[in-house]
Amino acid sequence: MGTTSIIFKRSINLSKTYLLIGAFMGFMAIMMSVLGFITPGEAAGEIPIDMQTYFSTFFIGLASMTAVLIATPVLLLFVYDKNNGVLEYLLSVGMTQSTLFRSYLQAALALAGIILAAEVIGNAILTVFLGGSTALLPTIAALTIVLGLSAVAFTTVLMMAFSSLQKQRVGANQPLGIGLGVVLILPSFFLPSIFPQYATIVVLVNAVIVVVLGLVMFLLAGQLVKRAKLLP
C-alpha cells in the first residue's frame, strides 16, 4: 500500500467531523446552485441581477470552499504526525521531505477531488432535472474543479510552510494555511453580486489567480518545506 493511500485512510479516520460537515456543505452547494431556476418569475424580475447566473457562480465558490474543508483532516494529520515524531521516523528510514510532501498533497487533492466530482455531477443532474439552462454547466464544472483543487494545493503547501508556527490546542491543531486558502475563494462569493454582468469573468479571474498562486507555492515547496520543519 502506497504512502498516499495510507495517509488518505488515516486522514478519514482522524476526524470524520470535517467529512460530515463537508458532505453537508456539498449538498447545500448543489441545492443552492439551482435556486435561480426555481425562483418565481415575478420575484426574479424584481431583483436587478440574473438569478441563474448568480447562483451558478455562487455554487463555484461554495463548492471550492467545501473542498478546502473536506481536505482539512489531511492537514491536521500532517501537524499531528509532525508533533508525534511520525515524520521524523519516515525521514530516518530513507524517505525525503519531497516524497512526504507529495504524499500528503496527493491525499488532500484526492479527498477534494471526490467531493468536487460529486458536487459537479449533482449540480448537473439537478439542473437537467429541473429544466434549467445547461449552457453554463461545462464552464461551471471546469471552474469549480480548477478553483477547488488549486485552493487545496495552495492551502496544503502553505500549511506545511507554516507548520513550525503551529501550536497544539485542545482537541486539534489549527493549521494557519487553511484560513488563507479560504480567503482566496471569497471573491467568488461576493464579487458576482456586485458585478453581476461580469460574474463568470470574475470567477474565472479568481480561479486563474488561485492557480498561479498554487503553482508558485508548489514550485517553492522545496525552499519552504525544509527538512527541519518535518521534525517535532
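Please refer to the structure placed before this passage.
Residues numbered from 1 in each chain as written. Predicted model: local features only at pLDDT ≥ 70, side-chain atom pairs only at ≥ 80, totals over all residues. Heavy atoms only, no water.

1. Some remarks on a nonpolar patch on the surface
- A cluster of nonpolar residues, L191, F195, Y198, I201, V205, I209 and L213, forms a patch on the protein surface that exposes about 600 Å² of accessible area.
- Here the nonpolar patch takes four residues from helix 12 (residues 199–219), the largest share from any one element.
- Tracing the backbone through its elements, the reader meets I201 in helix 12. (Patch = residues over 30% accessible without salt bridge, like charges linked within 9 Å, V, L, I, M, F, W, Y side chains within 5 Å. Areas by Shrake-Rupley, 256 points an atom, 1.4 Å probe, with all protein chains shown as cover. Salt bridge = Lys/Arg side-chain N within 4 Å of Asp/Glu carboxyl O. Helix = DSSP H or I, 4+ residues; strand = E, 2+ residues; numbered from the N terminus.)

2. Details of empty space enclosed by the protein
- Taken as a whole, this structure holds one cavity of 30 Å³ or more when the rule is applied.
- For the largest cavity, the full set of lining residues is T57, I60, L136, T139, I140, L143 and T200.
- The set of elements that each furnish at least two residues to the lining of the largest cavity consists of helix 5 (51–70) and helix 9 (137–161).
- Per-element accounting of the lining of the largest cavity gives the leading share, three residues, to helix 9. (1 Å grid on protein atoms, 1.4 Å probe; cavity = no way out; pocket = protein on both sides within 12 Å on 5 of 7 lines; lining within 4 Å. Points joined across faces, edges and corners; volume = space filled by probe spheres on them.)

3. With respect to the packing of helix 2 (residues 16–33) against helix 8 (residues 97–129)
- Taken N-terminus to C-terminus, the directions of helix 2 and helix 8 make an angle of 25°; their axes are 9 Å apart at the nearest point. Here helix 2 lies roughly parallel to helix 8, going by the angle between them. The handedness of the crossing between helix 2 and helix 8 comes out as right-handed. Listed contacts from helix 8 to L19, G22, A23, G26, A29, I30, M31 and S33 of helix 2 are L111, I115, A118, E119, G122, N123 and L126.
- Counted by class, the contact of helix 2 with helix 8 contains nine nonpolar, five polar and one charged residues. (Axes fitted to C-alpha atoms, helices over the stretch in contact; angles between N-to-C directions. Parallel < 35°, antiparallel > 145°, perpendicular 65-115°, else oblique. Left-handed = near helix turned anticlockwise from the far one by under 90°. Contact = heavy atoms within 4.5 Å. Nonpolar A, V, L, I, M, F, W, Y, C, P; charged D, E, K, R; others polar.)

4. Considerations on the packing of helix 6 (residues 72–83) against helix 8
- Here helix 6 crosses helix 8 at 155°, and the two axes come no closer than 9 Å. Overall, the two elements helix 6 and helix 8 adopt an arrangement that is roughly antiparallel. Contacts between helix 6 and helix 8 involve V74, L77, F78 and D81 from the first element and Y104, A107, A108 and L111 from the second.
- The class makeup of the residues in the contact of helix 6 with helix 8 is seven nonpolar, no polar and one charged.

5. With respect to the side chain of T155
- The residue T155 is located in helix 9 in this model.
- In this structure T155 comes out as buried when scored by relative accessible area, which is 1%.
- Here the side chain of T155 touches A151 through a polar contact of 2.7 Å, landing on its backbone oxygen. (Buried < 20%, exposed > 50% of the residue type's maximum accessible area, 1.4 Å probe, protein only. Polar contact = N/O pair within 3.5 Å; in protein donor to acceptor, adjacent residues only side chain to side chain.)

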